[in-house]
Amino acid sequence: MPSRPSAVRRLTVRAAAIVVTGALAGAVTPPTAQADAPVARPTAYVDPMIGTSNGGNTYPGAVRPYGMMAWSPTSTTGDQTSTGAANGYEYGVTRMRGLSLTHVNGAGCNPGAAGDVPIMPFVGDVTSSPSADSKDLVYASGFSHDNERAVPGRYTVGLDSGASADLAVSERAGVADFAFPAGKPANLLFRVSNSLNGSEDAEIRIDAAHRKVTGSVLTGAFCGRRANGGANNRKSYYRLYFSASFDRDFASTGTWRDSTLAPGATEGSGGEGYATGADRAGRGSGGWVGFDTTADDDVRMRIGISYVSQAGAEANLRGEIAPRASVDDVAREASAAWDRELGSVRIGGGSDDRRTAFYTALYHSLMQPNLISDSDGRYPGMDGRPHRVTRGQQAQYSNFSGWDQYRAQIQLLALLKPRIAGDFAQSLYNFARQNGGVWDRWVHVNGATHVMTGDPTAATLATFYAMGVRNFDYEGAFESLARQATVPHPDGLSDAGCPGQCTGQRPNLAQYLDSHYAAQDVCHCWGGAAETLEDAVADDALGRWARMLGRDDEAASFEERGRWWRNVFNPGATDDAGTTGYIQARNLDGSWVTPFSPGSDKGFAQGTSATYTWMVPQDVRGLAEAMGGREAAAGRLDGFFHKADGTWSVKGGDPLRYDPTNEPGIHAPWLYNALGQPWKTQETVREILDTVYGTGPRGLPGNDDLGTMSAWYVFSALGLYPQTPGSATLLLGTPLFPSAVLDRPQGRDIRISAPQADATHPYIDAVEVDGRTTDRSWADARLVTRGGSLTYRLADEPNTSWATGPADLPK
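Since the structure is predicted, the reported quantities are computational estimates derived from the model, not experimental observations.

How each quantity is defined
Residues numbered from 1 in each chain as written. Predicted model: local features only at pLDDT ≥ 70, side-chain atom pairs only at ≥ 80, totals over all residues. Heavy atoms only, no water. Helix = DSSP H or I, 4+ residues; strand = E, 2+ residues; numbered from the N terminus. Expected span 1.5 Å × (residues − 1). Buried < 20%, exposed > 50% of the residue type's maximum accessible area, 1.4 Å probe, protein only. Contact = heavy atoms within 4.5 Å. Phe/Tyr/Trp six-rings, centres within 6.5 Å; stacked < 30°, edge-to-face > 60°. Pairing = 2+ DSSP bridges. Core = buried A, V, L, I, M, F, W, Y, C linked by side-chain atoms within 4.5 Å. Disulfide = S-S within 2.5 Å. Salt bridge = Lys/Arg side-chain N within 4 Å of Asp/Glu carboxyl O. Axes fitted to C-alpha atoms, helices over the stretch in contact; angles between N-to-C directions. Parallel < 35°, antiparallel > 145°, perpendicular 65-115°, else oblique. Nonpolar A, V, L, I, M, F, W, Y, C, P; charged D, E, K, R; others polar.

(A) Layout of helix α16 (residues 678-691). For α16, spanning 14 residues, the distance from its first C-alpha to its last is 20 Å, which sits close to the expected 20 Å at 1.5 Å a residue. Of all 14 residues that make up α16, 11 are buried, and the element is covered over most of its length. Among the residues of α16, those classed as buried are Pro678, Trp679, Lys680, Thr681, Gln682, Thr684, Val685, Arg686, Glu687, Ile688 and Leu689. Considering only its buried residues, α16 is in contact with α4 (352-365), α15 (630-641), α17 (708-718) and β32 (763-769).

Written as structure tokens, this is what we have:
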């Protein structure tokens, strides 16, 4: 057989075929938009590179909606124990050491989570241990973005070494074509121990007779390297199994452990630990298989994964990837799956850049939650034992960045994908029952990581229920969450993991229930003021849920607790300009924590008093009263988004003003609706959409946080935003597109019409809901639960009388 074209040339040919035939269903250049024509193929407008720079921490690799497998590069800056960015990929780093099987979208803890089993096509002989190559000088390769393509479900790259990789995935499996320069040594390295955070143990087995490589890695340790509490998470909580089959014989095999190389060996094991830098350098294990490229320089590999067992990985592979399936075949199915998911919102009109930003944001929003159950329904429980999904549950999901997601991403999931939302709610309840009734605020695979603060699961499940999600045990879940919020747990008195990963999910609950605020000096939490605000949001959501369930006594109690934010609002706290009234931490004896500055993070979690003072979405009227009335509050909010000279300040970096890169204040632009000045929401949101978000690798303002920042964009571009957790009320803003249809699987669709929508019409002049004129800047739960239509008349100047009457403000 004659040798095939070189890897780089073949990559170029393959990329050209994508554009010509649409084989990947995600052409590099999207088709030109016609006037207001609805988008027929959303994947044409998805750019997985958005957010891969500027701290967005997204990844460009191949993944299906909610997929278990996410096959994407692990980059290197010359340190095998780090990557240059969380989640393994930074657009500015053009050297990689492998293509890893699992990833988490946009997590902020560098080096993120997962990144399990990097597989590296290596051109050359393996003459030393790849683990001993601690600076990635030998067993890594540079690449150019000119030789890289990323579309939904497929990733292709040509390396400077002359090798290339073309990957496509199903939900739990994938297929790859690896190509090598003809006549040169060609090897695939399986770095089984080299997960992003390290590993406790790993193993590999090579079966040359059956052309198979199998193995696993025991790992975890999300956020385990943080200075603030990371030591608490330097532990294992899941094992990932893999099974890879090849279409051709191996010419050579070998394994390694630490610095020892074993050519010809077929089994190996050994972990790396969870340290970093010199404390971990040179440790780890893996193996390689080599190929004869004299007559054939292309290698096809099919691979399945499982969090349960080796048999599970093999069954997932058999069930999802046909024996002779090509990368094109699997990629075509992946593209169709993404088109179905993204087609839940059909926008019409708008520029190509707007469509790209929108559908990429929707793509990132619907990456998670992620499957962790096998095709047979088995999954790893939080108790470390295998379990099976409950009756009526279609799958077990995980990867819950609760503190982030409860503010926007979970509302979008409930709105567009209520069945997934219900299975996710049941999944979290399953984990809680396996964890002694404790609901962890940040769940990775089956691990309780304790990351962040507050009780975001209460806010999440209450929101699901309010938005009509019913396919979970909502009575049992409510009772369990209410118990966590009312019965102190011993972990609540522990400082383990504090401040960033405090073990207690309701820290020092007895003191909180007695004082009605989390005391800074005894709270066993990240920050007493932040904890109080977070718990008030969660409790208010529980109260709303209880009211809907007919549990009125509990509703009244939790609703009252939702107003405890007032106990950390200090009317005497003053800034340099003489403005008084800020959220401030206080001690057990009632004294305020001093010295005070609104730009300080003392008592807060990843934010300042200036930001957290606005984090009262459940009681905006009460906050306005505390500030001296709606007019005074709106004036202060103006100063939150503008510098003293009146220019915008919405890009972050100023501790006294709006920060679009983190969650505590992302709802703040929408507060003007409740303050009777909705035109300011309209202009502020449009300014953020225009200047903070965009296309290209820097198109996200910061960590995507499992789709949260992207969901903010999706809602804002539609002219909608969730008012508060535990509610289905949507605040109204200005749509970015002339038309949009939100597919509601249960009931009528939601149709949005705004014919004047363009760059010069950022203001609302009038709105009709189901054909009737409204003077409200919000839509009640009926829009979400029953569907309906919103028709806008837009303008180039603000209408300062629409939706401003006291009786018409959001409740």
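That shown, we press on.
(B) Region of the structure containing the packing of aromatic side chains. For the structure shown, the criterion picks out 33 aromatic pairs. Judged by centre distance (5.4 Å) and plane angle (75 degrees), the rings of phenylalanine 358 and phenylalanine 737 are edge-to-face. Placement of phenylalanine 358 in helix α4 and of phenylalanine 737 in the loop between β29 (730-732) and β30 (739-742) is noted, with a sequence separation of 379 residues between them. With respect to class, phenylalanine 358 is no different from phenylalanine 737; both count as buried. With a centroid separation of 5.7 Å and an interplanar angle of 45 degrees, the aromatic rings of tyrosine 582 and phenylalanine 596 are classed as tilted.

(C) Quick look at the sheet that holds β29. Here we have 3 strands laid out as an open sheet, ordered β28-β29-β34, and antiparallel in their pairing. Strands with a single pairing partner mark the edges of an open sheet, and in this sheet they are β28 (720-722) and β34 (778-779). Sheet topology places β28 next to β29; 3 bridges connect them, and they run antiparallel. Within β29, the residue paired with leucine 720 across the bridge is leucine 732.

(D) Region of interest: the nonpolar core. Counting 214 residues, the largest nonpolar core has Trp71, Phe178, Phe190, Phe246, Phe358 and Trp545 as its most contacted members. When residues in this core are grouped by element, the largest group, 10 residues, is from helix α11 (residues 528-548). Those residues in contact with phenylalanine 358 that sit more than four places away from it in its chain are Val345, Ile347, Tyr713, Val714, Ala717, Leu718 and Phe737.

(E) Layout of the pairing of β30. Pairing between strand β18 (residues 345-348) and β30: 4 bridges, direction antiparallel. Within the sheet, the bridge partner assigned to valine 345 lies in β30 and is leucine 742.

(F) The state of the cysteines, seen in detail. Under the definition given, this model contains 3 disulfides. Each sulfur of the disulfide joining cysteine 109 and cysteine 223 lies 1.6 Å from the other. In this structure, the disulfide formed by cysteine 109 and cysteine 223 twists by about 55 degrees around the S-S bond and is classed as right-handed. Taken together, the positions of cysteine 109 in the loop between β3 (95-100) and β4 (119-123) and cysteine 223 in the loop between β11 (212-220) and β12 (236-246) put the pair 114 residues apart, joining distant regions of the chain.

(G) Expanded view of unusual backbone geometry. That bond from asparagine 110 to proline 111 is cis: its omega, 10 degrees, falls within 30 degrees of zero. You can see proline 111 is positioned in the loop between β3 and β4. For the bond running from glutamine 368 to proline 369, omega is 10 degrees, close enough to zero to count as cis. By the secondary structure assignment, proline 369 is in the loop between α4 and β19 (370-371). Phi angles above zero are rare outside glycine, and histidine 450 is one such case at about 65 degrees. Within the secondary structure, histidine 450 is located in the loop between β25 (447-448) and α8 (456-466). Phi is positive for aspartate 770, which is not a glycine, with a value near 50 degrees. Tracing the sequence through the fold places aspartate 770 in the loop between β32 and β33 (772-774).

(H) Just the pairing of β11, in detail. Within β11, 8 of the 9 residues are buried, leaving the element largely enclosed by the surrounding structure. When strand β10 (residues 201-207) meets β11, the two strands line up antiparallel, connected through 7 bridges. The partner of isoleucine 204 across the bridge, within β11, is glycine 215.

(I) Examining the pattern of salt bridges more closely. A complete count under the given rule lists 38 salt bridges for this structure. Ionic pairing is found between arginine 154 and aspartate 166, a salt bridge with its closest N-O pair at 2.7 Å. With a gap of 12 residues between them, arginine 154 in strand β6 (residues 154-159) and aspartate 166 in strand β7 (residues 164-169) connect regions that are remote in the sequence. Of the residues examined, aspartate 166 reaches a relative accessible area of 1% and is grouped as buried. When the shortest N-O distance is used, the salt bridge between arginine 551 and glutamate 475 registers 3.1 Å. Linking arginine 551 in the loop between α11 and α12 (552-561) with glutamate 475 in helix α9 (residues 474-486), this pair joins segments that are 76 residues apart in sequence.

(J) Fine view of the packing of helix α6 (residues 409-416) against helix α7 (residues 418-434). Running from amino to carboxyl end, α6 crosses α7 at an angle of 125 degrees, the nearest separation of the two axes being 5 Å. Comparing their axes, α7 and α6 come out oblique. Contacts between α6 and α7 involve Leu413, Ala414, Leu415 and Leu416 from the former and Pro418, Ile420, Ala421 and Phe424 from the latter. Class assignment of the residues belonging to the contact of α6 with α7 gives a composition of 8 nonpolar, no polar and no charged.

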